[in-house]
Amino acid sequence: MAVESSSSTWSQRFEQGLHPAIERFNASIGFDITLLQQDLDGSIAHARMLASTGVITAEEAEQLVGGLEQVRAEAAAGAFNPGLEDEDVHFAVERRLIALLGPLGKKLHTGRSRNDQVGTDLRLWLRGQIDAIDAALVRFERALLAQAEAHAEVMIPGYTHLQRAQPICLAHHLLAYVEMAERDRARLRDLRQRVNICPLGAAALAGTPVPIDRRHTAAALGFDAVYANSLDAVSDRDFAVEFSAAASLVMVHLSRLSEEVILWASEEFRFVTLTDRCATGSSLMPQKKNPDVPELVRGKCGRVFGHLQGLLVMIKGLPLAYNKDFQEDKEALFDTVATTLACLEAMAILLEEGLQFQPERLEQAVGSDFSNATDVADYLVAKGVPFREAYQLVGGLVKTCLQEGLLLRELPLERWQQLHPSFGDDIYAAIAPRQVVAARRSEGGTGFEQVRQQLERAQARLRA
Ligand code: ARG
């Protein structure tokens, strides 16, 4: 590729080239080459628009498009390798075009600035990535759903304060994450509307005297609308912040599930075993099987949350309109997208083939604690005892059981009747874990029937 000296990028105002260290410092080509396809698409739309308004001829536009497509082909063949002297992807493409087409190539940038160009590229790229994250969320949800379907009858201790609270249906627990992922999808859908607005035509900041047609380029690129204010168009990065916040919540959800899997896989819980597909060993301790996948997902939250903070701080003090600070938005977004996609995929695989729930161990866990104590109180309530009175009585009973080393189900009927005359021998059925779960029939509760309905709704959404 033709390499000109850096000073030739600029107008004749410049006489000297950049200091080599500053050239390195200033360049974004090392990372914004990620936007190459979008940059080409944007330039193609721009060239055709210029012909539509008569700024260039139709023939010139088609030659420009041909040149841009050739750059695309060269890139696909590994033959487009811009260097630092190109500064960024926009200059790299323009220079190559000029090398290919001669003076005609110099017409492409008419009525446009890199400021509206980079904003266009970034939005086009992010729009595609949002769709990819949506697909990854669907895969993750399907993996949760499959585990939920397989465990619609299995129970697991439910916790508050990480203390055993009440037994719940395992599918109910897993479906809670499906709900979170659905909200993540809704958030992405919503913010995608604000990503999909076209800044092209704002030029450097003020618009352009060149007769352009912003609606033409916006429509050709699949944007839903154009920015109403040219200053806002080149200096808005709200969409990047919104996206980072939505991605951060995806990571929060993945991380909470990760934490649970890590706990569940521990010797203390043993609710799941990790298969060899997603676990690793220790270099020293031969017995170890480590949950690296959920640990890494949990750990990668740091960088995603950090990028959100980085973007907010980068933007907050900037006067209108474009400032070079904005160049810093790219690596933040690229890494946020790559990390979120990688974590969603890893967690889906973990659910698909990386862990096995241990139904026997879970069965034993839900039957060996006092997590049915609320149901004793509810039993008395059904017999007309006011809840707070019942609650006090059962609290005392739990205390004596703990002292005597007995579970509630191990108490003989006389003891129940000493506590309150309305206990009958149906108390044993009422406090059996399966009954305790089944009884929670309130809407959205863990009762098996309610969970069935949740499963059906999720199936209808995800299998459509
Ligand atoms: N590489 C720049 C960026 O990422 C492109 C826009 C540069 N515009 C300018 N006026 N220097 O933001």
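Scroll up to find the structure this text is about.
This write-up is about the structure you can find in this document. Quick caveat: nothing in here was measured; it's all calculated off a predicted structure.

If you look at the biggest cluster of nonpolar residues, it comprises 102 residues, and the most contacted ones within it are Phe140, Phe243 and Leu254. Looking at which element gives the most residues to this core, the answer is helix 6 (residues 114–150), with 13 residues. Contacts of Phe140, omitting those with residues within four sequence positions, involve Ala181, Leu254, Leu257, Leu344, Met347, Ala348 and Leu351. Judged by nonpolar contacts, the second largest core, of 17 residues, contains Val385, Val394, Val398 and Ile427.

Here we take up the side chain of Ser248. For Ser248, the position within the fold is in helix 10 (residues 238–264). Ser248 has contacts with Val304, Phe305 and Leu308, leaving out every residue within four places of it along the chain.

The final tally for this structure, using the stated rule, is zero disulfides. We note that Cys343 lacks a disulfide partner, and the nearest cysteine sulfur, in Cys301, lies 7.2 Å from it. With a relative accessible area of 2%, Cys343 lands in the buried category.

This part takes up the site of the ligand. Taken together, the residues surrounding the ligand are Ser28, Asp32, Asp88, His90, Arg114, Asn115, Val118, Tyr322, Gln327 and Lys330. Taking Asp88, its side chain carries an N or O atom lying 3.0 Å from a nitrogen atom of the ligand. Within the side chain of Arg114, one N or O atom sits 3.2 Å away from a nitrogen atom of the ligand. The element that contributes the greatest number of residues to the shell around the ligand is helix 6, accounting for three residues. Here the residues of the shell around the ligand are counted per class, giving two nonpolar, four polar and four charged.

As enumerated under the stated definition, the model contains 32 salt bridges in all. Ionic pairing is found between Asp86 and Arg95, a salt bridge with its closest N-O pair at 3.5 Å. Taken as a pair, Asp86 and Arg95 share a single burial class, namely buried. The partner of Glu149 in a salt bridge is Arg463, and the shortest N-O contact between them spans 3.3 Å. Highlighted residues: Glu149 in helix 6 and Arg463 in the segment after helix 19 (448–462), separated in sequence by 314 residues. Residue classification places Glu149 among the partly exposed positions, given a relative accessible area of 29%. Overall, the relative accessible area of 48% leaves Arg463 in the partly exposed class. Overlapping salt bridges, with partners in common, bring together Asp134, Glu179, Glu182, Arg185 and Arg461 in one network.

We now examine helix 19. Taking 1.5 Å per residue, 15 residues should reach 21 Å; helix 19 reaches 21 Å between its end C-alpha atoms and fits that length. All buried positions along helix 19 are accounted for by Phe448, Gln450, Val451, Gln454, Leu455, Ala458 and Leu462. Along helix 19, the residues classed as buried sweep out an arc of 155° about the axis, all on the same side. Looking at the buried residues of helix 19, the elements they touch are helix 6, strand 1 (155–160), strand 2 (163–169), helix 7 (170–195) and helix 18 (433–438).

A few words now on the layout of surface pockets. Of the voids in this model, the largest pocket is the one considered here, and its volume is about 620 Å³. Forming the walls of the largest pocket are 25 residues, and the residues nearest its centre are Thr9, Trp10, Phe91, Glu94 and Arg114. Elements represented by at least two residues in the lining of the largest pocket include exactly helix 5 (89–101) and helix 6. Top contributing element to the lining of the largest pocket by residue count: helix 5, with five residues.

About the thresholds
- Residues numbered from 1 in each chain as written.
- Predicted model: local features only at pLDDT ≥ 70, side-chain atom pairs only at ≥ 80, totals over all residues.
- Heavy atoms only, no water.
- Core = buried A, V, L, I, M, F, W, Y, C linked by side-chain atoms within 4.5 Å.
- Buried < 20%, exposed > 50% of the residue type's maximum accessible area, 1.4 Å probe, protein only.
- Helix = DSSP H or I, 4+ residues; strand = E, 2+ residues; numbered from the N terminus.
- Contact = heavy atoms within 4.5 Å.
- Disulfide = S-S within 2.5 Å.
- Near = heavy atom within 4 Å.
- Polar contact = N/O pair within 3.5 Å; in protein donor to acceptor, adjacent residues only side chain to side chain.
- Nonpolar A, V, L, I, M, F, W, Y, C, P; charged D, E, K, R; others polar.
- Salt bridge = Lys/Arg side-chain N within 4 Å of Asp/Glu carboxyl O.
- Expected span 1.5 Å × (residues − 1).
- Arc of directions from axis to C-beta.
- 1 Å grid on protein atoms, 1.4 Å probe; cavity = no way out; pocket = protein on both sides within 12 Å on 5 of 7 lines; lining within 4 Å.
- Points joined across faces, edges and corners; volume = space filled by probe spheres on them.

Limitation: the analysis is restricted to geometry and does not speak to function.
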